[in-house]
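Structure assessment
The residues making up each chain are set out below.
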Amino acid sequence: MSEKQPRWTQTWLGGVRAAGVDLGYPGQRLGLPERGSGSVAGWGRRIAALVIDWMICTWAVAQLILGISPTGSPWAPVLIFALQYLLLVSFLGQTFGHRLMKIKVVAMDGGIPRLLPVFVRTVLLCMAVPAVIYDRDNRGMHDRASNTITVNM
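The paragraphs below set out a description of the structure included in this document. Computed from a prediction, not measured in an experiment: that's the story for all the values here.

**A word on the overall build of the protein chain**
Looking only at helices and strands, the protein chain features seven helices and two strands. From first element to last, N terminus to C terminus, the protein chain shows the α and β order α-α-α-α-β-α-α-α-β. Taken over 153 residues, the protein chain has a buried fraction of 36%. A sequence separation of at least 24 residues applies to 60% of the contacts in the protein chain between residues at least 6 apart. When the accessible surface of the protein chain is totalled, it reaches about 9500 Å², and 65% of it is carbon and sulfur.

Take a look at the structure:
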């Protein structure tokens, strides 16, 4: 096998990038910068923001403020999460977790997303599976359905 050709396992496991196909950086075909403000947010920041928001909704709001045990009412934290996500993203463009991780959700035209697309995004995000299916621009199904993208601040 030559040095120039990738091993067959690299092309199978690593996708088309491992086969030498240049797809550009995430967000390039959307006209976004490669790094810095306005670039596509990485998965680490997005997951950290989600965990922060989930902890706020589960512990701070459900248990401390409302006195609801997540073990007794397992859907209560999900509903609280959905409500806070819907309100904060549609009016501010970011949740508390997003703010701490220095990311925000924007519509594809660059502004704050509207209420209906954020509602669709929130429902899909609460299902979890659509959020882990993503394209080469790191946009999950919830991003594509709502015509939004998560970017760095």
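Moving on from the coordinates now.
**Some thoughts on the pairing of strand β1 (residues 103-107)**
Two faces make up the sheet, and in a regular strand the side chains alternate between them. Counting buried residues along β1, four of its five residues qualify, which places the element largely inside the surrounding structure. Inspection of the sheet shows β1 paired to strand β2 (residues 148-152) by five bridges, in the antiparallel sense. The residue bridging A107 from the neighbouring strand is T148, located in β2.

**Observations regarding the packing of aromatic side chains**
For the structure on display, the rule yields three aromatic pairs. Among the aromatic residues, those joined into a ring-pair cluster are W54, F81 and Y85. Taking NZ or CZ as reference, R46 lies 4.7 Å from the ring centre of W43, over its face.

**Some details on a nonpolar patch on the surface**
On the surface, I47, V51, W54, M55 and W59 cluster together into a nonpolar patch covering about 480 Å² of accessible area. Among the secondary structure elements, I47 is positioned in helix α2 (residues 43-65). Here I47 falls in the partly exposed class, since its relative accessible area comes to 49%.

**Quick notes on helix α5 (residues 115-127)**
Across its 13 residues, α5 extends 19 Å between first and last C-alpha, which sits within 8% of the 18 Å expected from 1.5 Å per residue. Among all positions in α5, only V118, R121, T122, L124 and L125 are buried. Where α5 is buried, its residues touch α2, α3 (75-92), β1, α6 (129-132), α7 (141-146) and β2.

**Quick notes on the pairing of β2**
Burial runs high along β2: five of the five residues are buried. Taking every second residue as pointing to the same face, both faces of β2 are buried, with T148, T150 and N152 on one and I149 and V151 on the other.

**Points about the side chain of T148**
The topology assignment puts T148 in strand β2. Residue T148 is classed as buried on the basis of its relative accessible area, which comes to 1%. Excluding residues within four positions of it along the chain, T148 makes contact with V105, V106, A107, M108, P113, R121, R139, H142 and D143.

**Description of the pattern of salt bridges**
Counted under the stated rule, the structure contains six salt bridges. As a salt-bridge pair, D143 and R121 come within 2.1 Å of each other at their nearest N and O atoms. You can see D143 sitting in helix α7 and its partner R121 sitting in helix α5, a full 22 residues away along the chain. For D143, a relative accessible area of 0% corresponds to the buried category. Look at R121 and you get buried, because its relative accessible area is 2%. For D135, the salt bridge is made with R144, and the minimal N-O distance between the two is 2.7 Å. Each member of the salt-bridge network shares a partner with another, and the members are R29, D135, D137 and R144.

Calculation rules
Residues numbered from 1 in each chain as written. Predicted model: local features only at pLDDT ≥ 70, side-chain atom pairs only at ≥ 80, totals over all residues. Heavy atoms only, no water. Helix = DSSP H or I, 4+ residues; strand = E, 2+ residues; numbered from the N terminus. Buried < 20%, exposed > 50% of the residue type's maximum accessible area, 1.4 Å probe, protein only. Contact = heavy atoms within 4.5 Å. Areas by Shrake-Rupley, 256 points an atom, 1.4 Å probe, with all protein chains shown as cover. Pairing = 2+ DSSP bridges. Phe/Tyr/Trp six-rings, centres within 6.5 Å; stacked < 30°, edge-to-face > 60°. Lys NZ or Arg CZ within 6 Å of the ring centre and 35° of its normal. Patch = residues over 30% accessible without salt bridge, like charges linked within 9 Å, V, L, I, M, F, W, Y side chains within 5 Å. Salt bridge = Lys/Arg side-chain N within 4 Å of Asp/Glu carboxyl O. Expected span 1.5 Å × (residues − 1).

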